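# Architecture at a glance
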Amino acid sequence: SDLESIDVGFRFTATPPDDYVATPLLTFAIGAYAATATAPVLADPGQLAQHNCMLFGHWGQTLALPWYRAATVQQPAQRRLVEFSPAVQGDDLAALIALAEVGDAIVFAPDFAVQKAVDAGRLLNVLPNWQLQLPEGNSVYALSLPARYAGEAARALIRFVQLQLATPIGAAQL
């Protein structure tokens, strides 16, 4: 396997491989966020096609993205496949979030990346209770070899990353 020469790997996945020690590091939800002052509150992800949307990564001209809403006492779980053309695509998530804070666009971002802006009242989730579903899953795992093969350095790195992710953003001192 390619991972045998690597002490630790990090993977977005819903199902980590059975032949490695998988340590869960982070679970997240990707929502749709816009500047609080201009944020439309949408009832359904299908309405995203009527707005300027920004995506992390380069996906192509037209996309079909799966959105999911968990079941509640009042409603069953729902899934929607939404087709639209993103207004902006980029490889700097922080820049896309900053654009959403000052612009008239909706950014699709993981909750941990926008938490400070939401808490400060600069961004609002325009699709409350809905989340974008990634085919890879919504969890990050550290993958390492079983303890008898993995070195102490690999285990120390995983503990360090766990500690950093458990520390509130902005409070970590590296």
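Structural data are supplied above this passage.
Now for a quick tour of the structure. Just so we're clear, the structure is a prediction, and the values are computed from it rather than from any experiment.

Tallied over the full model, the rule gives four aromatic pairs. On the numbers, 5.7 Å between centres and 80 degrees between planes, the contact of phenylalanine 84 with phenylalanine 108 is edge-to-face. Pair noted here: phenylalanine 84 is in strand S6 (residues 78-84) and phenylalanine 108 is in strand S8 (residues 106-110), with a separation of 24 residues, a long-range link. The same class applies to phenylalanine 84 and to phenylalanine 108, which are both buried. A network of ring pairs unites the aromatic residues Phe12, Phe28 and Phe112 as a single cluster.

The gaps of empty space that remain are located by a probe, the size of a water molecule, rolled over the atoms. In this structure, the largest pocket encloses a volume near 430 Å³. In this structure, the largest pocket is lined by 20 residues; those nearest its centre are Ile30, Phe56, Trp59, Pro110 and Leu134. Of all the secondary-structure elements, those providing two or more residues to the lining of the largest pocket are strand S4 (53-56), strand S5 (63-69) and S8. For the lining of the largest pocket, the element with the most residues is S8, which contributes three residues. Residues of the lining of the largest pocket, tallied by class, amount to 17 nonpolar, two polar and one charged.

This brings us to the environment of tyrosine 33. Inspection of the secondary structure assignment puts tyrosine 33 in strand S3 (residues 30-35). Along the primary structure tyrosine 33 and alanine 43 are separated by 10 residues, whereas in three dimensions their C-alpha atoms are 14 Å apart. If near-sequence neighbours (up to four positions away) are discounted, tyrosine 33 is found in contact with Ala100, Ala105, Ile106, Val107, Ala109, Asp111, Val114, Val118, Leu123, Leu124 and Asn125.

Once that is clear, we can look at helix H1 (residues 93-102). Within the span of H1, buried status applies to Leu93, Leu96, Ile97 and Ala100. Each buried residue of H1 lies within a common arc of 100 degrees when the element is viewed along its axis, so the set occupies one face. Residues of H1 that are exposed and point more than 90 degrees away from the buried face comprise Ala94 and Val102. Each element contacted by the buried residues of H1 is listed here: S3, S4, strand S7 (88-90), S8, helix H2 (111-119) and strand S9 (123-125). With a side-chain oxygen positioned 3.2 Å from the backbone nitrogen of alanine 94, the residue opening H1 is aspartate 92.

Under the defined criterion, the tally for this structure stands at four salt bridges. Salt-bridge contacts for arginine 80 lead to aspartate 44; the nearest nitrogen and oxygen are separated by 2.8 Å. Taken together, the residues arginine 80 in strand S6 and aspartate 44 in the loop between S3 and S4 connect sequence positions 36 residues apart. Judged by relative accessible area, which is 33%, arginine 80 ranks as partly exposed. Among the ionic pairs, glutamate 101 bridges to arginine 122, the shortest N-O distance being 2.6 Å. Of this pair, glutamate 101 sits in helix H1 while arginine 122 sits in the loop between H2 and S9, placing them 21 residues apart in sequence.

Strand pairing in a sheet takes place through backbone hydrogen bonds and is either antiparallel or parallel in direction. Pairing in this open sheet of three strands is antiparallel, and the strands run S1-S11-S2 from one edge to the other. Both edges of this open sheet fall to strand S1 (8-12) and strand S2 (21-27), since each of them pairs with a single strand only. Direction aside, neighbouring strands of the sheet carry axes that sit 25 degrees apart on average. Looking at chain direction, S2 and strand S11 (residues 139-144) are connected through six bridges and run antiparallel. Note on S11: the bridge partner recorded for proline 24 is tyrosine 141. Contacting S1, S2 and S11, helix H3 (residues 152-166) runs over the sheet at an angle of about 15 degrees to S2.

Calculation rules
- Residue indices follow the written sequence of each chain, beginning from 1 at its first position.
- Local features in this predicted model are restricted to residues of pLDDT 70 or higher, and side-chain atom pairs are both shown and tallied only at a pLDDT of 80 or more, whereas totals for entire chains, interfaces and linings draw on every residue.
- Values shown for side chains rest on all heavy atoms present in the structure; no hydrogens or waters enter the calculation.
- Within 6.5 Å between ring centres, the rings of Phe, Tyr and Trp (the latter by its six-membered ring) count as paired, and their orientation is classed by plane angle as stacked under 30 degrees, edge-to-face over 60, tilted in between.
- Note on conventions: DSSP H or I runs of at least 4 residues are helices, E runs of at least 2 residues are strands, and numbering of each starts at the N terminus.
- Only protein chains enter the accessibility calculation, which uses a 1.4 Å probe; a residue is then buried when its area is under 20% of its type maximum, exposed when over 50%, and partly exposed in between.
- Cavity: a set of points on a 1 Å grid over the protein atoms alone where a 1.4 Å probe fits but cannot get out. Pocket: an open set with protein on both sides within 12 Å along at least five of seven lines, its lining residues, like those of a cavity, having an atom within 4 Å of a point.
- Grid points are joined across faces, edges and corners, and a volume is the space filled by probe spheres set on the points.
- Each residue gets one label: Ala, Val, Leu, Ile, Met, Phe, Trp, Tyr, Cys and Pro are nonpolar, Asp, Glu, Lys and Arg are charged, and the others, such as Gly, are polar.
- Residue contacts are counted whenever heavy atoms from the two residues lie within 4.5 Å of one another.
- The arc in question is the one spanned by the directions pointing from the helix axis to the C-beta atoms.
- Identification of polar contacts relies on pairs of N or O atoms within 3.5 Å, with a donor-acceptor requirement for protein atoms, meaning one able to donate a hydrogen and the other able to accept it, and with residues adjacent in sequence counted only if both atoms are side-chain atoms.
- What counts as a salt bridge is simple: a side-chain nitrogen of Lys or Arg found within 4 Å of a carboxyl oxygen of Asp or Glu.
- Pairs of strands are assigned from DSSP output, requiring at least two bridges between the strands.
- For helices, the fitted axis covers only the stretch in contact; all axes are lines through C-alpha atoms, and the angles between them, taken along N-to-C directions, range from 0 to 180 degrees.

No statement about biological role is implied by the geometric values presented.
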